Amino acid sequence: MTAATAQAQLPPPIKESGQREVFCGLTSIVWLHRRMPDAFFLVVGSRTCAHLIQSAAGVMIFAEPRFGTAILGERDLAGLADANEELDRLVAQLLARRPEIRTLFLVGSCPSEVIKLDLAKAAERLNVQHRGRVTVLNYSGSGIETTFTQGEDGALQALIPLMPRSESKQLLIAGTLADAVEDRLIGLFHKLDIERVATLPPRRSTELPAVGPGTQLLLAQPFLSGTARALIDRGAALIAAPYPFGVEGSRAWLAAAAAAFDIAPAQVAAVLDPLVERGQRALAPQRETLAGKRLFVLPDSQLEIPLARFLSRECGMQLVEVGTPYLDRQLMASELALLPEGTQLSEGQHVENQLQRVEQLRPDLVVCGLGLANPLEAMGIATKWSIELVFSPIHGIDQAGDLAELFARPLRRRTALSFA
Ligand code: SF4
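First things first, this report covers the structure right here in the doc. (Residues numbered from 1 in each chain as written. Predicted model: local features only at pLDDT ≥ 70, side-chain atom pairs only at ≥ 80, totals over all residues. Heavy atoms only, no water.)

Looking at helix 6 (residues 119-129)
Link 1 in the chain: Looking only at helix 6, the buried set comprises Leu 119, Ala 122, Ala 123 and Leu 126. One face of helix 6 carries all of its buried residues, which in axial projection span an arc of 100°. The exposed residues of helix 6 that point more than 90 degrees off its buried face are Lys 121, Glu 124 and Val 128.
Link 2 in the chain: In this structure Asp 118 caps helix 6, since a side-chain oxygen of it lies 3.2 Å from the backbone nitrogen of Ala 120. (Buried < 20%, exposed > 50% of the residue type's maximum accessible area, 1.4 Å probe, protein only. Helix = DSSP H or I, 4+ residues; strand = E, 2+ residues; numbered from the N terminus. Arc of directions from axis to C-beta. Polar contact = N/O pair within 3.5 Å; in protein donor to acceptor, adjacent residues only side chain to side chain.)

Pasting the structure below:
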């Protein structure tokens, strides 16, 4: 089946635009700073931003810009000069204290005082001040512009101009994966005779992979629209594939890369079939809990469509509605082709409308942002926090059973409660 025919079988997505309840892009720092321990994410923000991530990520916050706002004129301009000086001072202190920092990201946020600061200029200035010692980059994690996974898209895009050029044939996996999962996947690519496998982000911020016309790009995460486009602009070819969630999606993802490197299907089968069999065995008990249950996915992480595809096709769940903050049809083409006919998608967020539909349609399980879980549980509906999916190692054939378990658990808990 082609993507075009399958998409024609889906009704048009419900377009929503209204009140949003999602974490902002700063949240991505939690996993990005673990991934690249020699990078530092300096959030230029307010106390709210500090509260959001300080304890979770242990990152440093440049809090409380101390200048007046609203009155445009000398006071504001003087304030901005102060803010820039303060930023320079903080960065100098930070670099003196932390010699291991090789890449410094200035991360923008929502407060109007911060929006007025030109962080791209600040990064340029700091690069001159600290040339040879550190590379300073900037991107926005502001909740006005980004949902929580888009923060990673912004950070990776900031790295792309620094990637060296290479024409050599290589596979480039984009998107942060848990180290152990990534090691396993790279091991599989080696078994498939794909020797040169690079990753973005790399484990050391200074060891950026090369990119160029020989690069075959494979996305490990579905929320990297800007990153994908920027890598394609640098000459990479995007491999069309579903995302590596579940046995089927992961196998198709690995096989699509193998096809791009002209590996014979028989070799792919020889390497992957034993894994597929094991993965399906691990899925079977979870499928018993999930099959026939009705699933409603609210927009949050941008993992919604691939996960809904996995839960319907491999776990037998019925899709009531699948929401996504933003639908990138190019990056989702292989996923949309695999959704059951008639699946109702929604794009964007309007919390009240969506909660109303949940109430009317009474699904068994709702995947949602943290803030919506309590009201839904109070209505008697089981919930799964979408943010947990971003922090769990869920990619790959070997993880399919654990991934299904994440959805089966809240259903089992609710059954246990109703018998208590
Ligand atoms: Fe800071 Fe804006 Fe995120 Fe709130 S939504 S934590 S103000 S960047």
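So much for the structure itself; the text now carries on.
What to know about the sheet that holds strand 9 (residues 237-238)
Link 1 in the chain: Taken in spatial order, the four strands of this open sheet run 7-6-8-9, and their pairing is parallel. Each of the sheet's edge strands pairs with one partner strand only, and the pair in question is strand 7 (197-200) and strand 9.
Link 2 in the chain: The sheet contact formed by strand 6 (residues 170-174) and strand 8 (residues 215-219) spans five bridges and is parallel. For Ala 174, the partnering residue across the bridge sits in strand 8 and is Leu 219.
Link 3 in the chain: Across the sheet, helix 10 (residues 246-260) lies against strand 6 and strand 8, angled at about 170° from strand 8, the strand it touches most. (Pairing = 2+ DSSP bridges. Contact = heavy atoms within 4.5 Å. Axes fitted to C-alpha atoms, helices over the stretch in contact; angles between N-to-C directions.)

Regarding the pattern of salt bridges
Link 1 in the chain: Taken as a whole and judged by the stated rule, the model has 25 salt bridges.
Link 2 in the chain: Among the ionic pairs, Asp 328 bridges to Arg 229, the shortest N-O distance being 2.7 Å. Of the two residues, Asp 328 is situated in the loop between strand 11 (318-324) and helix 13 (329-336) and Arg 229 in helix 9 (residues 225-233); the sequence distance between them amounts to 99 residues.
Link 3 in the chain: With a shortest N-O distance of 2.7 Å, Glu 248 and Arg 313 are connected by a salt bridge. Of this pair, Glu 248 sits in helix 10 while Arg 313 is found in helix 12 (residues 304-313), placing the two residues 65 residues apart along the sequence.
Link 4 in the chain: A relative accessible area of 39% places Arg 313 in the partly exposed class.
Link 5 in the chain: Linked by salt bridges that have partners in common, Arg 35, Asp 179, Glu 182, Asp 183 and Arg 203 make up one network. (Salt bridge = Lys/Arg side-chain N within 4 Å of Asp/Glu carboxyl O.)

Interpretation note: all reported values are geometric properties and have no functional meaning in isolation.
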